[in-house]
Amino acid sequence: MRTMDVNEAVNQERSTGSSALGIGAAVAGWAIPGLGHLLLRQWGKALVYFLCVGGLACAGLAMRGGVFGGNSPDMFDRLGFFADLGTGGFYFLAHTLQSAGPDVAHASGDYGTRMFATAGMLNLLTVLEAYEIGRGRRA
Amino acid sequence: MNALFSGLTHFQALALFSLVVSATFAFLSKREAVERAKYFAWAFLAFLLVAIGIGWLMYPFSQ
């Protein structure tokens, strides 16, 4: 009986999601960290993800970390580009937010580069979660 | 904001990184508040201890 209840609950949970909702939440979450969860009415997670990803990205830029471009022939730079691109809107605002430009000759600039890339990777994880929640595969 | 963050020491930068990553991982992987708090504390301390430990292991090679 208990197993039946659990199965019903799982099926009901899955049926509430849709592919369009999942994709919409994922795109929104990528563009602005936390927005995907906000659309899915997960207020707490939305706030935490926005503060964590946005805070780490802004800290990385404020430390004058480098932002990778997409046209580099080096494979590691390309990987860095994809990691940076994960920050969504912060990637496109990077040059505006970082008025002084990057300075990776110092340790803080090097740390900033890693922090910005980490913010992108964290945001991609939150985007995957938003997609799963939107699809109804995860509560 | 630039002056605030560019003046961070190595340890402060490590602590900031650990704090943010631990909090995100806690919310991604745990559902209950108590579980999240435990996971956050454990991951945060592990980040700090492992980084400091590796730093000490590498110290002889810096001479």
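In this text, all values refer to a predicted model and were calculated from it rather than measured experimentally.

Participant: Just to check I follow, could you spell out the overall build of chain A for this structure?
Facilitator: A count of helices and strands for chain A gives 8 helices and 0 strands. Each helix and strand of chain A, ordered N terminal to C terminal, gives the series α-α-α-α-α-α-α-α. For chain A, the proportion of its 139 residues judged to be buried stands at 47%. Relative to all contacts within chain A whose residues are 6 or more apart in sequence, the contacts with residues 24 or more apart total 74%.

Participant: Help me understand unusual backbone geometry, please; the structure alone is not making it clear to me.
Facilitator: Glycine aside, residues mostly have negative phi angles, and peptide bonds mostly take the trans form. Residue and element names in this part refer to chain A. Look at Arg41: it is not a glycine, yet its phi comes out positive at around 65 degrees. Within the secondary structure layout, Arg41 lies in the loop between helix H3 (35–39) and helix H4 (43–62). Since 8 C-beta atoms lie within 10 Å of it, Arg41 is described here as exposed. Even without glycine at this site, Arg64 takes up a positive phi of about 65 degrees. Mapped onto the secondary structure, Arg64 falls in the loop between H4 and helix H5 (75–85). Arg64 gets classed as buried once you count the C-beta atoms within 10 Å, which come to 23.

Participant: Looking at this structure, how should I read the interface of chain A and chain B?
Facilitator: Often the size quoted for an interface is simply the accessible area lost on bringing the parts together. Between chain A and chain B, the residue contacts involve 19 residues of the former and 16 residues of the latter. The set of elements that each furnish at least two residues to the side of chain A that touches chain B consists of H4 and helix H8 (107–135) of chain A. Here the side of chain A that touches chain B is composed, by residue class, of 13 nonpolar, 3 polar and 3 charged.

Participant: Mind showing me how you'd approach the packing of helix H2 (residues 19–31) of chain A against H8 of chain A here?
Facilitator: When two helices pack together, their arrangement is given by the angle between the helix axes and by the axis-to-axis distance. Residues and elements named next belong to chain A. Across the interface, H2 lies against H8 with an axial gap of 7 Å and an inter-helix angle of 160 degrees. Judged by the angle between their axes, H2 and H8 are roughly antiparallel. You can see that H2 and H8 cross each other, and the crossing is right-handed. In this structure, H2 contributes Ser19, Leu21, Gly22, Gly24, Ala25, Ala26, Gly29 and Trp30 to the contact, and H8 contributes Asn123, Thr126, Val127, Ala130, Tyr131, Ile133, Gly134 and Arg135. Partitioned by chemical class, the residues of the contact of H2 with H8 number 8 nonpolar, 7 polar and 1 charged.

Calculation rules
- Residues numbered from 1 in each chain as written.
- Chains lettered and ligands numbered in written order.
- Predicted model: local features only at pLDDT ≥ 70, side-chain atom pairs only at ≥ 80, totals over all residues.
- Helix = DSSP H or I, 4+ residues; strand = E, 2+ residues; numbered from the N terminus.
- Buried ≥ 20, exposed ≤ 12 C-beta atoms within 10 Å, placed from the backbone.
- Contact = placed C-beta atoms within 7 Å.
- Nonpolar A, V, L, I, M, F, W, Y, C, P; charged D, E, K, R; others polar.
- Axes fitted to C-alpha atoms, helices over the stretch in contact; angles between N-to-C directions.
- Parallel < 35°, antiparallel > 145°, perpendicular 65-115°, else oblique.
- Left-handed = near helix turned anticlockwise from the far one by under 90°.

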